[in-house]
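# Fold and geometry: a report
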Number of protein chains: 2
Amino acid sequence: VAIAGLGLVGGSLARALSAAGYRVIGLDQAPVLRQARRARAIATAATSLAAALRESDVLVLAAPPRANLVMLREAARLSSPRLVITDVGSVKTPIVQAAARLRLRRFVGGHPLAGTERSGFAASRATLFAGRSWVLTPAPSTAPAATRLVARLARDAGARPRRLRAAEHDRAVAFLSHVPQLVSWALFEAARRDRTSARRLGMAGPGFRDMTRLARSPRGLWRQILAQNRREVSRALLAFQRALRRKA
Amino acid sequence: VAIAGLGLVGGSLARALSAAGYRVIGLDQAPVLRQARRARAIATAATSLAAALRESDVLVLAAPPRANLVMLREAARLSSPRLVITDVGSVKTPIVQAAARLRLRRFVGGHPLAGTERSGFAASRATLFAGRSWVLTPAPSTAPAATRLVARLARDAGARPRRLRAAEHDRAVAFLSHVPQLVSWALFEAARRDRTSARRLGMAGPGFRDMTRLARSPRGLWRQILAQNRREVSRALLAFQRALRRKA
C-alpha cells in the first residue's frame, strides 16, 4: 500500500496498516519520511509518486484535497490498470467526478470520520480509526473488487466501512463536520474579541473547551475542504442559523 | 452548611463538603433527600427552609434561578443576622440586586463553572469542582467576612475562587457558556431536521459529539438562565453571528 501524505490521517493509516501486517510505502517530504521510518509506520520511503507506484497494489491519497486531485491525475497517467486508488478527503463529489472523467474504474472515494484538531505525522496514532465510520463512495462504474479491497483496508485499520453516495456524504458532513468547524471558530473568536470575556477565557468550563477544541484545526486545510463543499456548507449553515433563531 | 437543592451542583457540593468534614443539611424533595442520605452526601435532611436554617451558619441556594430568588426572600425573613447566604446560579446580576434590595450584607453571589450536560443528584460527584473556577461576586456593601467564608467553602470543595463584578461575570458567561449552549442545541437540531444528515448521525466523529454534548442539558433550567441574562446573551449572540459570517 502506498500512502501519499503522512499527516494525521495518512500517518495514522500507515501505522495501523503496518501493525496489521501490510507493507506500507510512504510518500511525503524527506523529514516526515524519516520520522515515519523511525516510528516503523512505513517500510519504505518514496520520493516520487512514480517510485511509490512501482511496488504498490493500492494508492491512498492522504494529502490536502487539492493536492489529492493533482496526484489523482498523475496516478492515472502513471499507473497500471490494476492499481486500486482511494483517498481519505473530507469532500467526495469533486474527486469522484475527477476519477470518472479520468475513467478510473478502480478508484473508490473514501473518508474516515476520525479527525481531531491536531495535524501532522507527530499527531498520528495507530488507533485513530478504532470503531469509527469510514465512508466509501463507489460510483456505479466502480469495479466491485476495488471497493471490496478498500473496505478491507478500512476494516484492517480498525474502522467500520459504510457505503454512501458521494452527494449524500457531502450533505451529511456539511451538518456533522463542516458547519461544526465554522461554529467552533466563530465561538472562539467572538469570546476572544469581547474585552470582558477575553480576559476570562481561563475560567471557562468544560463545555466551552469542548466546543472550541476544533478551533485549533489547521486553517489552510479547512479552507480547501469548505471551498470544495461550498454549496452543502451554505445550505447547512442556513439551517443552523434558522435553528439558532428558534432557540434564542 | 445548609444546601437548598441537591441536583448536579448542589448534590456535588454536598458530597464534596461532607467529605471535607462539614456537617451538611440538605433541603430538597423527600426521595432526593433519601438518596443523599444513603450516599452520605448530607448528615441531616430538612423539609423546610426554616428547619434547615435553625442549625446552619451558611445557606447555599442551589435550586434553579427562579426558585433561588424565592428562597432568598424567605431566608431574609427567617434568618438570624449572622447567616451567610450564597448561591451557585449561572447569572449573578438579578440575585445580587435582589440581595441588595433585601439589605442582605452577608449574601455573596457565587457561580462554580463546573456544570455538565447531566442533571439531578444521580449525576453528582464529589470531584465536580476540582480545579474549576468558582466566581464570587460580592457587592461593595458585602461583609468581607462573608466573602471569606464562601471563598473557603469553594476552596474546600476543590475549586479556585475568583472575585468578579456581577455584570462582568454575566457578560463573560454569555460568551463562555450561554451562547455555546444555544449553539449546541442549534447544531444538533439542524443535523436532526435534515433528512440526509439525520439518517447519518451515527457516523459523526468526535468533533460533532463534543459540540452537541450540551444539547442534552435540561431545557427548563436553561430557559430560566437565558431569560435572566437576556441582554448579555443577545449581545454575545450577535457577536457570534458576526464572527460566523467572517469565517464562512
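Structure: see above.
Here we summarise the structure given alongside this text. (Residues numbered from 1 in each chain as written. Chains lettered and ligands numbered in written order. Predicted model: local features only at pLDDT ≥ 70, side-chain atom pairs only at ≥ 80, totals over all residues. Heavy atoms only, no water.)

### What about the packing of aromatic side chains?
A ring pair, where both rings are aromatic, is described by two values, the distance of the centres and the angle of the planes. Applying the stated criterion across every chain yields a total of three aromatic pairs over all chains. Ring plane angle 45 degrees and centroid distance 5.1 Å describe the contact between F129 of chain A and W134 of chain A, whose orientation is recorded as tilted. We classify F129 of chain A as buried; its relative accessible area is 0%. Centre to centre, the rings of F240 of chain A and F240 of chain B are 6.3 Å apart; their planes meet at 80 degrees, and the pair counts as edge-to-face. In this pair, F240 of chain A is assigned in helix α11 (residues 230-247) and F240 of chain B in helix α11 (residues 230-247), connecting two distinct chains. Classification of F240 of chain A by relative accessible area gives buried; the value is 1%. (Phe/Tyr/Trp six-rings, centres within 6.5 Å; stacked < 30°, edge-to-face > 60°. Buried < 20%, exposed > 50% of the residue type's maximum accessible area, 1.4 Å probe, protein only. Helix = DSSP H or I, 4+ residues; strand = E, 2+ residues; numbered from the N terminus.)

### A closer look at the sheet that holds strand β8 (residues 160-163) of chain B
Residues and elements named next belong to chain B. Strand order in the open sheet made by the eight strands is β3-β2-β1-β4-β5-β6-β7-β8, with mixed pairing throughout. Strand pairing shows two members of the sheet lacking a second neighbour, β3 (44-46) and β8, which therefore form its edges. Between one strand and the next, the sheet's axes are offset by a mean angle of 25 degrees, whatever the strand orientation. Bridging between strand β6 (residues 107-112) and strand β7 (residues 133-137) involves four bridges; their strand directions are antiparallel. Residue pairing across strands places G109 opposite T137, the latter belonging to β7. (Pairing = 2+ DSSP bridges. Axes fitted to C-alpha atoms, helices over the stretch in contact; angles between N-to-C directions.)

### Let's talk about the side chain of E168 of chain A
Structurally, E168 of chain A can be placed in helix α7 (residues 166-193). A polar side-chain atom of E168 of chain A sits 2.9 Å from a polar atom in the side chain of R200 of chain B. (Polar contact = N/O pair within 3.5 Å; in protein donor to acceptor, adjacent residues only side chain to side chain.)

### So, the relation of the copies chain A and chain B
You can overlay chain A on chain B at an RMSD of 0.0 Å; the transform is a turn of 180 degrees with a shift of 0.0 Å along its axis. The transformation relating the two chain copies, once decomposed into turn and shift, fits a two-fold axis. When each C-alpha of chain A is compared by its distance to the rotation axis, M211 of chain A comes out closest, at 2.5 Å. A high fraction, 100%, of the interface residues of chain A reappear at the interface in chain B, so the copies pair face to face through one surface. (Least-squares fit on C-alpha atoms with pLDDT ≥ 70 in both. Contact = heavy atoms within 4.5 Å.)

The analysis is restricted to geometry; functional conclusions fall outside its scope.
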